[in-house]
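One letter stands for each residue in the lines below.
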Amino acid sequence: MVREKSGGKLYTVCSALGLVALTLGVLQCIPAVTSLFCREWNIVLVFVVSAAVSAILGAALMLIGSSRRRQPMGYGVGLAVAAAAWFLGTLLCAVPYRLSGDYLSYLDCCFDVMSGLTTTGLTLVQKLDHVSNGINMWRHILTFLGGQGMIVLALVFLSKDAGGAYTMYVGEGKDEKLLPNAVSTAKRIWEISILYLVIGSAVLSAAAAASGLRGGRAVLHGIWIYMSAWSTGGFGPMSQNILYYHSTFLELTTVVFFVLGSFNFALHHAVLTGNRRELRRNLETVTFTTTLVIFISLATIGLMRGHVYPNVAAMFRKGFYQVISGHTTTGFMSIYAKQFYYEWGDIALFAITLAMLFGGSACSTAGGFKGIRTGIIFATFRAEVRRMLLPDSRVSEQKIHHIRDVVLTDRAVRSAFVIVTAYIITFALGTLAGMLAGFPMAMAAFESASATGNVGLSIGISTPAMPAFLKVTYILIMWVARLEFMSVLALGAYCVRKVRRTCDRKYW
Amino acid sequence: MRSKILVTLLLLAALTIPACAAEATGSTELINRAAQWDGKAVCYEGEAIGEALPRGDWAWVNVSDGENTIGCYVTRDMAAQIQRYGRYGVRGDTVRLTGTFHRACPEHGGDLDLHVTELRVLQAGHAVAMPVSRALAWASGILGPLAVALIAVAIFRKRCYNED
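Definitions and limits used
- Residues numbered from 1 in each chain as written.
- Chains lettered and ligands numbered in written order.
- Predicted model: local features only at pLDDT ≥ 70, side-chain atom pairs only at ≥ 80, totals over all residues.
- Heavy atoms only, no water.
- Disulfide = S-S within 2.5 Å.
- Salt bridge = Lys/Arg side-chain N within 4 Å of Asp/Glu carboxyl O.
- Helix = DSSP H or I, 4+ residues; strand = E, 2+ residues; numbered from the N terminus.
- Buried < 20%, exposed > 50% of the residue type's maximum accessible area, 1.4 Å probe, protein only.
- Expected span 1.5 Å × (residues − 1).
- Polar contact = N/O pair within 3.5 Å; in protein donor to acceptor, adjacent residues only side chain to side chain.

Student: Tell me about the state of the cysteines, residues and numbers included.
Tutor: Cysteine pairs can be linked by a disulfide, which is a covalent bond between their two sulfur atoms. Evaluation of the coordinates by the stated rule reveals 0 disulfides over all chains. Here C38 of chain A stays free of any disulfide, with the sulfur of C29 of chain A as its closest cysteine sulfur at 16 Å.

Next up, the structure:
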């Protein structure tokens, strides 16, 4: 057996990781400038130091990687690099948090970074109401970056060095090709996001001003809430999250943007290029609408039985908002965490827990099972029932419509079942971890669903006082769920293979 | 007769004592046992944070007791008593509020809130010193230029590699 030389690929891996680290370093100029304008001098220095650390590491890796012996990355290595980039990115992006003094430990910082990058929204920050504008800008940039994809951003800067670009793009949980190659697709994703950023920030700044904020604070809050809404992240600049503003208008505006953010980028591309019929015909929008109606109905029944809200307006504002916030995996909260547990009752809790797991669309900023898989599974069940009831001569191929009509192949069905099963196993393990930490099953399941679906609604478990093993568990869950398992498994397999080879060489 | 006058005077004196002489109820207690406190008069104490959010003749003031932050619905005159709101580098006024607690306010779309009847500023807020860290300043001065130099070298090396 001829053993392939992996040294050449290592240079490519270093180059790719270096590019990601360098991109993260450059991005930190934004919060640094924010703090400069707000005269938060210490925070300016925090970001200068942190950006320099990222940039030095990034440049060093790129120098190592700029070798003539570079070889293209294989598919598996590309997936592993995507996972490794997210892991490295988490460690680097946590540095400003640690230096700011707003967190109790580096583990808490890593938790918040992973929560931001995966657009989850669970947070362990101390005294959020007193956090600097610079750190708040960084929190929201991370969630915006994570929603679009850290690799996707780095790919924008790749031109000739596109070796392995597609596999890294897929490794980040996206597989839609909007345009012929991964680099062009990455650029298009960012074009769509920046377009919505400009419009959304203006609208939400106006909404923030209408709710009573003034001047620069209205603009900053508008931008942050938009970033969080579009990326279905769920971070808020204040400890009460969306409840701080006491504004139905602002909440409804966020609904528009986080629902848009939960849609497939391919759908956005289709609609923006003139194909508006796709909104009605697309399997994911049909699935999402169907499951949303089911979960809202269930939640409403539960809330009415428990007489939780005094009137229809309150029921809509709280019940509908939280369910759609959970189903799109956004995580904006207009009630306090413990109110879920003490007031909502089992039926409404069940509905919102399932909604969080089902999630939004594939190739979007949302998490969860994804609408395309739910749709495929439902279509498969329907096809199997038809096959049993109808004669063979009348059974035709099962087709679904996602941008175009596609025949439902065994491979697609198998893939959907495998990934959904992986999500369910992850959710179960997270629930078990919560129970081992001493929380009741309902609370543990809710928080685990929130982490697995990258949602961010909290029932009160995710606090700085949470046991360290539970923090690590949720970090891992958020990471694997966001990258949809394959790239993390590829990274694990790659590491095991490397260790085995090293051991073999030592003995032989 | 004298004892009756004495009792009457004591009763009148009691009426002038501020309603919130009792210990303030914490936010965690209010949230976790909201159903029990719903509709009742409570005392709540904490730091005013963010800003007042005007609503006609009224305003929202969000008050944090260190554990949670609760929205308090006050008159514009009450809000005007608060000089400083907490944010980065600023400790806000500490206020004591008396009012009716709502688990899910029918007037405010189901918000958990406090309709305030009396507001008192217990302690004025103040700026919090945020001295520039020497260690950070030194680290910036050393790492910043190093980062710029390395990036320049990496870009130069990449261009040479691409040209070849």
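Now that the structure has been shown, we can carry on.
Student: So what's going on with the pattern of salt bridges? Residues and values would help.
Tutor: If the charged atoms of two oppositely charged side chains come close together, the side chains can form a pair. Within the structure shown, the criterion is met by 14 salt bridges over all chains. Across the pair R281 of chain A and D405 of chain A runs a salt bridge, and its minimum N-O distance is 3.8 Å. Note that R281 of chain A is positioned in helix 13 (residues 278–281) and D405 of chain A in strand 2 (residues 404–407), a separation of 124 residues in sequence. The partly exposed category is assigned to R281 of chain A, whose relative accessible area is 36%. Salt-bridge contacts for R317 of chain A lead to D111 of chain B; the nearest nitrogen and oxygen are separated by 3.1 Å. Placement of the pair is R317 of chain A in helix 15 (residues 312–327) and D111 of chain B in the loop between strand 5 (94–102) and strand 6 (113–123), with the two residues belonging to separate chains. As far as the burial class goes, R317 of chain A and D111 of chain B line up, both buried. Where salt bridges share partners, they join E251, R317 and K318 of chain A together with D111 of chain B into one cluster.

Student: Let's hear about helix 15 of chain A: which residues, and what values?
Tutor: All names here are of chain A. Over its 16 residues, helix 15 runs 21 Å from end to end, which matches the ideal 22 Å to within 8%, given 1.5 Å per residue. Where helix 15 begins, the capping side chain belongs to N311, and its oxygen is found 3.4 Å from the backbone nitrogen of A313. Backbone geometry just after helix 15 places T329 at a positive phi near 60 degrees.

Student: Kindly report on unusual backbone geometry, identifying the contributing residues and their values.
Tutor: All names here are of chain A. At R39, a position not held by glycine, the phi torsion is positive, near 60 degrees. Here R39 lies in the loop between helix 2 (29–37) and helix 3 (41–65). For R39, a relative accessible area of 65% translates into the label exposed. Residues other than glycine seldom take positive phi values, yet T119 does so here, at roughly 55 degrees. On the secondary structure map, T119 appears in the loop between helix 5 (106–117) and helix 6 (133–148). Taking the relative accessible area as the measure of exposure, T119 reaches 0% and is therefore buried.

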